[in-house]
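Residues per chain, in single letters:
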Amino acid sequence: MVTTRIVLVRHAEAEGNAKRLFQGHSDAAISEKGKKQLALLALRCRNMKRDVIYTSPLKRAKETAEAINQFHPVPMYFEDGLKEICGGIWENRPWRELFEQDLTEAYYWNQEPWAFTPKGGEPMTHLYDRIYETICKIAWENKGKTVFVVSHGCAIRNLLCRLKYDDIHRLNDIAWCDNTAITYLDFDESFQPTLIMENDASHLDQETSTLANQVWWRPENRGKNQFAE
């Protein structure tokens, strides 16, 4: 049986993650901790099979793809469909400010993320369809290969929701993944996807993890509007 494997990786920590800014399409640089994460990721992926890499063109994803490709380079392609959600007027603004000044969209982001539609930005429902269609297209174009794909936290969360529940209204049932976390997804001969491993960041420790040192992502804090911490 011919299997197409997608190795999906979230980008390393960028300045926006560390400073708690809404990054979206903002092209933030990798943070100092992110550079440590990339070194650990490169070592983890050193001997992993790969035929090709696709990455979001945003700097934080591109640099993550380059780290994966460090030891055994393969062709690398940019794919706009892998970008993070576009935040419109939320772009590059502090979370604390957003949750003080835009209570309606802040509520949607935390409590009903499927309804999140920032002014001038991309509806969450659009991202939900976009990331799934992009991953399926990449798999179709690389039948039988092992493909590394680098994307972003909210995009990956939407993809996992589609794969596990096929219902965007269950988006809050999907945990946020750490920076450089890895997910395995296999497509069979009929191109039906199966989730093999989800959000594994075992190459990181307490010091190098992003989420281990933040609280915003914990489900018990969702109603407290603590996205600044």
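Heads up: these notes are all about the structure in this document. (Residues numbered from 1 in each chain as written. Predicted model: local features only at pLDDT ≥ 70, side-chain atom pairs only at ≥ 80, totals over all residues. Heavy atoms only, no water.)

### A word on the side chain of threonine 4
Looking at the secondary structure, you find threonine 4 in strand β1 (residues 4-10). Overall, threonine 4 belongs to the buried group, its relative accessible area being 2%. A distance of 2.8 Å separates a polar side-chain atom of threonine 4 from the backbone nitrogen of glycine 144. Every residue in contact with threonine 4, bar those within four places of it in the chain, is listed here: Ala139, Asn142, Lys143, Gly144, Lys145, Leu185, Asp186, Phe187 and Phe191. (Helix = DSSP H or I, 4+ residues; strand = E, 2+ residues; numbered from the N terminus. Buried < 20%, exposed > 50% of the residue type's maximum accessible area, 1.4 Å probe, protein only. Polar contact = N/O pair within 3.5 Å; in protein donor to acceptor, adjacent residues only side chain to side chain. Contact = heavy atoms within 4.5 Å.)

### Description of the nonpolar core
Ile6, Phe22, Trp90, Trp109, Met124, Ile135 and Val149 are the most contacted members of the largest nonpolar core, which has 43 residues in total. Of all the secondary structure elements, the ones that give two or more residues to this core are β1, β2 (52-55), α4 (95-101), α5 (103-111), α6 (124-141), β4 (146-151), α7 (153-165) and β5 (182-187). With 8 residues, the single largest contributor to this core is α6. Grouped together as the second largest cluster of nonpolar side chains are 14 residues, Leu41, Met48, Ile68 and Val150 included. (Core = buried A, V, L, I, M, F, W, Y, C linked by side-chain atoms within 4.5 Å.)

### Some words on the packing of aromatic side chains
Under the defined criterion, the tally for this structure stands at 17 aromatic pairs. Considering the side-chain rings of phenylalanine 22 and phenylalanine 116, the 6.5 Å spacing of their centres and the 40° angle between planes classify their relative orientation as tilted. A residue pair is termed long-range when its members are at least 10 positions apart, and phenylalanine 22 in the loop between α1 (15-19) and α2 (32-45) and phenylalanine 116 in the loop between α5 and α6 qualify at 94 residues. Judged by relative accessible area, phenylalanine 116 falls into the buried class, the value being 0%. Aromatic side chains tryptophan 90 and tryptophan 95 sit 5.9 Å apart centroid to centroid with 85° between the ring planes, which places their arrangement in the edge-to-face category. Neither residue differs from the other here; tryptophan 90 and tryptophan 95 are each classed as buried. Ring pairs connect the aromatic residues Phe22, Trp90, Trp95, Phe99, Trp109, Phe116, Trp176 and Trp216, which therefore count as one cluster. For arginine 46, the ring lying beneath its charged end belongs to phenylalanine 71, and the centroid distance is 4.3 Å. Above the face of the tyrosine 132 ring, arginine 162 is positioned so that its terminal group lies 4.0 Å from the ring centre. (Phe/Tyr/Trp six-rings, centres within 6.5 Å; stacked < 30°, edge-to-face > 60°. Lys NZ or Arg CZ within 6 Å of the ring centre and 35° of its normal.)

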